[in-house]
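Structural overview for review
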Amino acid sequence: MFKLKKEGFRIDVDTLKSRLTYKIVMIKTDILIIGAGPTGLFTVFEAGLLQLKCHIIDALPQPGGQCSEIYPKKPIFDIPGFPEVMAGKLVDNLMEQIKPFTPGFTLGERAERIEKLEDGTFTVTTNKGTSHNAPVVAIAGGLGSFEPRKPPIPHIRDYEDLGVAYIIKDPEVYRNKRVVIAGGGDSALDWSIFLANVASEVTLIHRRNEFRGALDSVEKVQRLKSDGKIKLITPAEVTGVGGDAHLEVLTILKDEKEFKLETDHFIPLFGLSPKLGPIANWGLEIEKNAIKVDNTLDYQTNIPGIYAIGDVNTYPGKLKLILCGFHEATLMCQSAYKRINPDKRYVMKYTTVGGVHGFDGSKKEAPKAVVKPID
Ligand SMILES: Cc1cc2nc3c(=O)[nH]c(=O)nc-3n(C[C@H](O)[C@H](O)[C@H](O)COP(=O)(O)OP(=O)(O)OC[C@H]3O[C@@H](n4cnc5c(N)ncnc54)[C@H](O)[C@@H]3O)c2cc1C
């Protein structure tokens, strides 16, 4: 390895080469997917069946979108064919399913700018300068960048990751610990129920007496309260946090009086404020923080060649559900195929008939029937 030395600045040739490559390289693909949530991941599979290559950009360091970032250890009950599947396991399965189609990943980078070239293709550049070029862009950006709503409690930021968290990533962190959850929606209720069997003490604080979550969850919380497994403090608010190196105590305001509550963890679950981020400035038609698409055909946006699928889009009757994202991805890929191969005719084949032919040479096929000669 050569060493360059100039005016006290020292850099080895490998590092120099990698830096140069970083600037020059243009990642080319058939479908450039923005967002590695469940919708973006499944797009790779559907595109692969059509022999289209995909590359995915995600601002997060790992794939899975909301499933990995917000609720990896929660079971999902409405994925067809899976009576119950952990969100993290669903992501693992999707990664396994798309493996034969060898997608490329640019992780930990945010798609920042888009440019339409003269040949009709798009170049998307990230905040770290990585450039990607494709004839089709599929925006599967979900809620956009994750920004939890933080309560306006003085000094709360000093205790972030020191007892205060806005997202539960690993419930095991709370095993045999005292936990206070604040909020009145599904997340606050569901996590209180879940942690009742993990933490040594769960206290749920809400500023109203009524909860906004699913009736079933509210009833479960009531039952756990009667069994002494959850403490409920309503209507009340957390107004202060304290402790030396780690969170130790909260100040609670109830009936216009303040009192202290000792705890190990405080988890305010006030939802995520959706922020489309840079995509909002790409000239796409936006309605209520979501991208308007043509749902009568192919989930294309007002810019031909740019599609929006999954939680990020909106159309009459839209439901932000994983299975809807899967459906949208499937139809979108058919349209992308026609755009990329205008002269080819595609005849849809069931996977049971056509099999799955990976780009890595792998093949999955139903065994062919052996017809024996008739004597
Ligand atoms: C607590 C909770 C429970 C849920 N339970 C269920 C359930 O039981 N059943 C169900 O069907 N749904 C459920 N959902 C909703 C479900 O998680 C979403 O519908 C699903 O995640 C949407 O998938 P997606 O791929 O469209 O978007 P997301 O999962 O939001 O992924 C989008 C990805 O895009 C990335 N991104 C955004 N902008 C950029 C950018 N500019 N550059 C790079 N990357 C970008 C983000 O980082 C993110 O990783 C639940 C959601 C929550 C929060």
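This one's a predicted model, so the numbers in the text were calculated from it and none came from an experiment. (Residues numbered from 1 in each chain as written. Predicted model: local features only at pLDDT ≥ 70, side-chain atom pairs only at ≥ 80, totals over all residues. Heavy atoms only, no water.)

**Topic: the pattern of salt bridges**
Evaluation of the coordinates by the stated rule reveals 13 salt bridges. Asp190 is the salt-bridge partner of Lys74, the closest N and O atoms lying 3.1 Å from each other. Taken together, the residues span a long stretch of sequence, with Lys74 in the loop between helix H3 (65-69) and strand S6 (75-76) and Asp190 in helix H5 (residues 186-195) at a distance of 116 residues. Classification of Asp190 by relative accessible area gives partly exposed; the value is 25%. Note that Glu262 and Arg178 form a salt bridge whose closest N and O atoms lie 3.7 Å from each other. In this pair, Glu262 sits in strand S18 (residues 257-262) while Arg178 sits in strand S13 (residues 178-182), placing the two residues 84 residues apart along the sequence. What makes Arg178 partly exposed here is its relative accessible area of 26%. What you see here is one network of salt bridges that share partners, running through Arg178, Glu262 and Asp264. (Salt bridge = Lys/Arg side-chain N within 4 Å of Asp/Glu carboxyl O. Helix = DSSP H or I, 4+ residues; strand = E, 2+ residues; numbered from the N terminus. Buried < 20%, exposed > 50% of the residue type's maximum accessible area, 1.4 Å probe, protein only.)

**Remarks on a nonpolar patch on the surface**
A surface patch of nonpolar side chains, about 240 Å² in accessible area, is lined by Leu319, Leu321 and Leu323. By secondary structure assignment, the location of Leu319 is in the loop between strand S23 (313-314) and helix H7 (322-340). Owing to a relative accessible area of 48%, Leu319 belongs among the partly exposed residues under this scheme. (Patch = residues over 30% accessible without salt bridge, like charges linked within 9 Å, V, L, I, M, F, W, Y side chains within 5 Å. Areas by Shrake-Rupley, 256 points an atom, 1.4 Å probe, with all protein chains shown as cover.)

**Some points on the packing of H5 against helix H6 (residues 215-226)**
Two numbers describe how H5 lies on H6: the axes approach to 9 Å, and their chain directions differ by 40°. The angle between H5 and H6 falls in the class oblique. In terms of crossing hand, the pair formed by H5 and H6 is left-handed. Contacts between H5 and H6 involve Leu189, Asp190 and Ile193 on the former and, on the latter, Ser217, Val218, Lys220, Val221 and Leu224. (Axes fitted to C-alpha atoms, helices over the stretch in contact; angles between N-to-C directions. Parallel < 35°, antiparallel > 145°, perpendicular 65-115°, else oblique. Left-handed = near helix turned anticlockwise from the far one by under 90°. Contact = heavy atoms within 4.5 Å.)

**Digging into the environment of Ser217**
Relative to the helices and strands, Ser217 resides in helix H6. For Ser217, a relative accessible area of 9% translates into the label buried. Along the chain, Ser217 and Ala188 lie 29 residues apart, while their C-alpha atoms are 9.9 Å from each other. Discounting residues that sit within four places of it in the chain, Ser217 has contacts with Leu189, Asp190 and Ile193. At 3.3 Å, the side chain of Ser217 and the side chain of Asp190 are in polar contact. (Polar contact = N/O pair within 3.5 Å; in protein donor to acceptor, adjacent residues only side chain to side chain.)

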